[in-house]
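The residues making up each chain are set out below.
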Amino acid sequence: MVTIGSGVGYSLSENGRPVDYPDKSYGLAGHVPLDPEGPRCYAGHIGCSQCLTNDSLAEEYSTMIGHLASFQQFADDAMAGEAQAKQLVNKLCFRLGTLIATASNFAMPSKVLISGESSFLARLNTESIRNGISWYRPSQAAKIDFEILDFDWADWAEAAAARAIARYIG
Ligand SMILES: [Zn+2]
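The residue numbers shown here count from 1 along each chain, following its written sequence. In view of the model being predicted, local features appear only for residues whose pLDDT reaches at least 70, and side-chain atom pairs are presented and counted only at 80 or more, with totals across whole chains, interfaces and linings using the full set of residues. Each side-chain value is derived from all of the structure's non-hydrogen atoms; neither hydrogens nor water enter the calculation.

With respect to the packing of aromatic side chains
To describe a pair of aromatic rings, you give the distance between the ring centres and the angle between the ring planes. Only rings of Phe, Tyr and Trp enter the pairing, Trp through its six-membered ring, and a pair is recorded when the two centres are within 6.5 Å. The plane angle decides the type: under 30 degrees is stacked, over 60 is edge-to-face, the rest tilted. As enumerated under the stated definition, the model contains two aromatic pairs in all. Relative to Phe74, the ring of Tyr61 lies with its centre 5.1 Å away and its plane at 50°, an arrangement referred to as tilted. Here the residue Tyr61 occupies a position in helix H1 (residues 54–65), and Phe74 occupies one in helix H2 (residues 71–79), the gap between them amounting to 13 residues. Considered together, Tyr61 and Phe74 belong to a single accessibility category, that of buried residues. For the pair Phe71 and Phe74, a centre-to-centre distance of 6.1 Å together with 65° between the ring planes defines the contact as edge-to-face. Starting at the N terminus, helices and strands are each numbered in turn, a helix being any DSSP run of H or I of at least four residues and a strand any DSSP run of E of at least two. Burial here depends on accessible area, computed with a 1.4 Å probe over protein chains only, as a share of the maximum for the residue type. Under 20% is buried, over 50% is exposed, and the range in between is partly exposed.

Following this line, the structure appears as structure tokens:
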């Protein structure tokens, strides 16, 4: 699973169980190189996966339209089909496809789930996700099966709550 929103998340599960790893909470997928022409992140990388985050998108959109815009404004413009917002969604989806290809080429999952609070933007251009994937994956390799989940904060909270309960009674 790859998540996009205020940050970039990644997790792997095998036979229905999450793969455990001591460093998994350190944001290992946060600075994966994705776009040689992408924006520079706070750590100085050009076009790393930070470019998928809401703050970075707001900044990139502001530069494109020539005045300060929030992430919400970008999202609203994208949903309304504004040309420049669509252009940035296109980039976002291609970069997301690149991340999915990179992760899948190493982890070899049978399916990739996309979620996170801004994953609704990924629905606007699945074609660019596919293009991003195929740009970084051998053409003979099987197509990657991906699905964009309906994101719901309640699921997020319930998952955390369930873990807390399990720890307490377990
Ligand atoms: Zn970075």
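Text resumes after the structure shown.
Some words on unusual backbone geometry
The phi angle at Asn15 is positive, at roughly 50°, despite the residue not being glycine. Note that Asn15 resides in the loop between strand S3 (13–14) and strand S4 (17–18). For Asn15, a relative accessible area of 75% corresponds to the exposed category.

Points about the coordination of the zinc ion
Coordination of the zinc ion by the protein comes from His31 (ND1), Cys41 (SG), His45 (ND1) and Cys48 (SG), over a distance range of 2.0 to 2.3 Å. Here the donor residues for the zinc ion map to a single chain with the spacing H-x9-C-x3-H-x2-C. What makes Cys41 buried here is its relative accessible area of 12%. The rule for donors is simple: an N, O or S atom within 2.8 Å of the metal counts, and for Na, K and Ca the reach is 3.2 Å. Water is not among the atoms, so a site may look short of donors.

Notes on H1
The span you would expect from a helix comes to 1.5 Å times its residue count less one. Taking 1.5 Å as the rise per residue, H1 with twelve residues should run 16 Å; its terminal C-alpha atoms sit 16 Å apart, in good agreement. Asn54, Ser56, Leu57, Ala58, Glu60, Tyr61 and Ser62 are the residues of H1 that are buried. Here a residue-residue contact requires only that any non-hydrogen atoms of the pair lie within 4.5 Å. The secondary structure elements touched by the buried residues of H1 are H2 and helix H3 (83–107). Positive backbone phi, at 85°, marks Gly66, one or two positions downstream of H1.

Considerations on the nonpolar core
One finds Leu52, Phe74, Leu96, Ile100 and Ile129 to be the most contacted residues of the largest nonpolar core, which totals 33 residues. Here Leu52 is in contact with Ile4, Gly5, Val8, Leu34, Leu57, Leu92, Arg95, Leu96 and Leu99, once residues within four sequence places are set aside. What makes a nonpolar core is a set of buried Ala, Val, Leu, Ile, Met, Phe, Trp, Tyr and Cys residues whose side-chain atoms join them at distances within 4.5 Å.

Structural notes on the pairing of strand S5 (residues 112–115)
Sheet analysis places strand S1 (residues 2–4) next to S5, joined by two bridges and oriented parallel. Bridging across to S5, Thr3 finds its partner in Ser115. Should DSSP find at least two bridges between two strands, the strands are regarded as paired. Across three bridges, the pairing between S5 and strand S6 (residues 146–148) is parallel. When the bridges of S6 are listed, Ile114 appears paired with Ile148. The handedness of the S5 to S6 crossover, carried by helix H4 (residues 126–135), is right-handed. With strands facing away from the observer, any crossover in which the path from the first strand over the helix to the second runs clockwise is taken as right-handed.

Section: the sheet that holds S1
Strands sit in the order S2-S1-S5-S6 across an open sheet of four strands; the sheet is mixed. Edge positions in the sheet fall to strand S2 (8–10) and S6, since each of these pairs with one other strand and no more. Taking each pair of neighbouring strands and ignoring which way they run, the sheet shows an average axis angle of 15°. In this analysis an axis means a line fitted to C-alpha atoms, helices contributing only their contacting stretch, and an angle means the value between N-to-C directions, from 0 to 180 degrees. Relative to the sheet, H3 contacts S1, S2 and S5, its axis offset from that of S5 by approximately 145°. Most of the contacts of H4 go to S6, to which it runs at about 145°, and overall it touches S5 and S6.

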